[in-house]
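Below, each chain spelled out in residue letters.
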Amino acid sequence: MPLVTATSYRSHGCGSLTRAHVGIRVRLGGWVHRRRDLGGIVFLDLRDRAGLVQVSCDPKWTPPDVLARAASLGVENVVLVEGVVQLRPNPARDDSMGSREVEVYVSHLELVGPAVTPAIPVARKENEDLPSEELRLKHRVLDLRRPELQRNILLRHQLAQRARRTLSDLGFLEIETPILTKPTPEGARDYLVPSRVNPGEFYALPQSPQIYKQLLMVAGFDRYFQIARCFRDEDLRADRQPEFTQIDLEASFVSAEDVQAVVEQVLVDLWREAGQEVQAPFPRLAWRAAMERFGIDKPDLRFGLEIEDWSAQVAEDAAPFVRDPIAGGGRLRGIRTRDIGAISRKEIDALAALVKGAGAGGLLWAKQTGTGWEGQGVKAFGTGSLERVGGEEGDFVLGVVGKDAVTSPALHLVRTALGRRAGVPRTTHAFTWVVDFPLFEPDPETGAPVFVHHPFTSPHRDDVSFLDRDPWRCRALHYDAVYNGVELGSGSIRITDPALQQRVFGLLGVNEAESRRRFGFLLDGLASGAPPHGGFAIGFDRVAMLLAGAQSLRDVIAFPKTTTARALFEGAPVPVSDNELAALHVRLRD
């Protein structure tokens, strides 16, 4: 794919020139990246999307007026130049340039885009720190000129096209679904849009195309995909944006394994597009096993350090604050370190702070010296308990006692910190499927069932009988794709029986009248004859971030929002006038 095509203004891209072009007259257009004045000779590093090239303005071949014009240029001015490509002297070859072997002897130069002094630098010296992110987001046009961000956005484009090719080759049709839609619960708050022509009524921006893609299956399209824009009004982090993109797909007459095979093919091709080879099929891990062994449902499998249950090893000499929680239904769980070197007391204190930050009472630790155990946790564990736990010389055991809801996240943090300390290879690719999620979880305030993912997920066929008498036993036909401890996306087999869908709504506290009001169009669609179907959504921004090696989603999105959901470049959101609100039949309350 050519990065720059020929037009009436330019014949080549700056960064595309090579020794094969020597002797050719070229026309270039770009931004002045740097200017150097050396004894009457002016050198410009000219930049466009294709990269950098040096252009040389020398009295030997450059007219005086052109030379004077070049000497007056500032950085980020846009110029057109014309000249002949020549080899650069060997000592001057610059590895930072794509066209480092050549330069252009300028005979004509025209300033076409004057620029004020840039608020943030585009050209940076080696190891020079970036300006603050807030300042860069405010001046996003300048920030987007940085080669790193240009590469990221180019990679994002290539990944999107690869996904389209793969899914098209697999028989999927790209179909657009509405942006102005009906509010539906999908785990976060909707962005609401007031209707001017229907006073007092509102659209919602879609959190996902979920219901529409199910209706497309009912309509007989069989295989659908979309690179979909989605919107969620929720608290933000480095890996979240209020508007985001997902590779959305749905297929009919499929099992969970069929959908997973399609997603694996897409992910393998995306990684290959970024120059990295990964293998499918991915291993599968049951949700309960993931929580038991790793403390989280998106485990990083690039290293071991699995969580162990030591509750049965607790002896009578353990401290009461260890025995009593176990008697009350809690457990003593922990991690045994091996082959990662000695751990300092300062490191242990840092781990203890992580555990307390997760809501646990504290971290118990002891070290096997070969002649016995030593450390802060010896009295708490009890010597008898430690002897049952066992260990080799040099082993540390790090434990947390309490309910799983506390010990799992605490030990996940400990495990992650220890894995980072051990040095996880950056080139390792650990994909896995996490399956057999619970269908419901208790609401933290009321204890009533709420859906773990969304209310359209089918229960496991072996668990449907538990829906009314023991809903907590129901497994969902849901599956997450996880990569190196990062959730890449989620999917499920859907409910296709309207009566079963109504039962699930009832368990969630949505009565028949309310479910008809909110989901009648889905229930009617299912009642018209629905094939078995399921799908998946890949977090495209997140995949692009991982494959670009970026630290934040904001580094792979052209115009991102801040963590407070503000668009600093254009200054949104903004107040609007009373007249504008009145046209929408909306009035603000103090």
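Please refer to the structure higher up on the page.
Residues numbered from 1 in each chain as written. Predicted model: local features only at pLDDT ≥ 70, side-chain atom pairs only at ≥ 80, totals over all residues. Heavy atoms only, no water.

Visitor: Explanation requested: the overall build of the protein chain in the structure shown.
Guide: Secondary structure summary: the protein chain contains 16 helices and 22 strands in total. Dimensions of the protein chain along its principal axes, counting C-alpha atoms only, are 95 × 75 × 55 Å. Every one of the 590 residues in the protein chain was classed for burial, and the buried ones make up 46%. Long-range pairs, those at least 24 residues apart, make up 67% of the contacts in the protein chain with a sequence separation of at least 6. In the form shown here, the protein chain has an accessible surface area of approximately 28,700 Å², with 52% of it arising from carbon and sulfur atoms. Averaging the positions of the 72 positive and the 77 negative side-chain charges in the protein chain gives two centres separated by 3 Å. (Helix = DSSP H or I, 4+ residues; strand = E, 2+ residues; numbered from the N terminus. Buried < 20%, exposed > 50% of the residue type's maximum accessible area, 1.4 Å probe, protein only. Contact = heavy atoms within 4.5 Å. Areas by Shrake-Rupley, 256 points an atom, 1.4 Å probe, with all protein chains shown as cover. Lys, Arg positive; Asp, Glu negative; His and termini not counted. Charge placed at Lys NZ, Arg CZ, Asp CG, Glu CD.)

Visitor: Would you explain the sheet that holds strand E5 (residues 102-113) in this entry?
Guide: For sheets, the rule is that strands pair by backbone hydrogen bonds, running either parallel or antiparallel. One closed barrel holds the five strands; their spatial order is E1-E2-E3-E5-E4, and the pairing between them is mixed. Between one strand axis and the next, the sheet turns through 50° on average, direction left out of account. Relative to strand E4 (residues 78-87), strand E1 (residues 25-38) runs antiparallel, the two sharing seven bridges. Paired with Leu 28 across the two strands is Val 81, which belongs to E4. Packing against the sheet, helix H1 (residues 64-71) makes contact with E1, strand E2 (41-48), strand E3 (51-57) and E5, and its axis sits at approximately 75° to E5. (Pairing = 2+ DSSP bridges. Axes fitted to C-alpha atoms, helices over the stretch in contact; angles between N-to-C directions.)

Visitor: Is there a simple way to explain the pairing of E4 in this structure?
Guide: Side-chain direction in a regular strand flips from residue to residue, so the side chains alternate between the two faces of the sheet. The sheet contact formed by E4 and E5 spans ten bridges and is antiparallel. Looking across to E5, one finds that Val 84 is bridged to Tyr 105.

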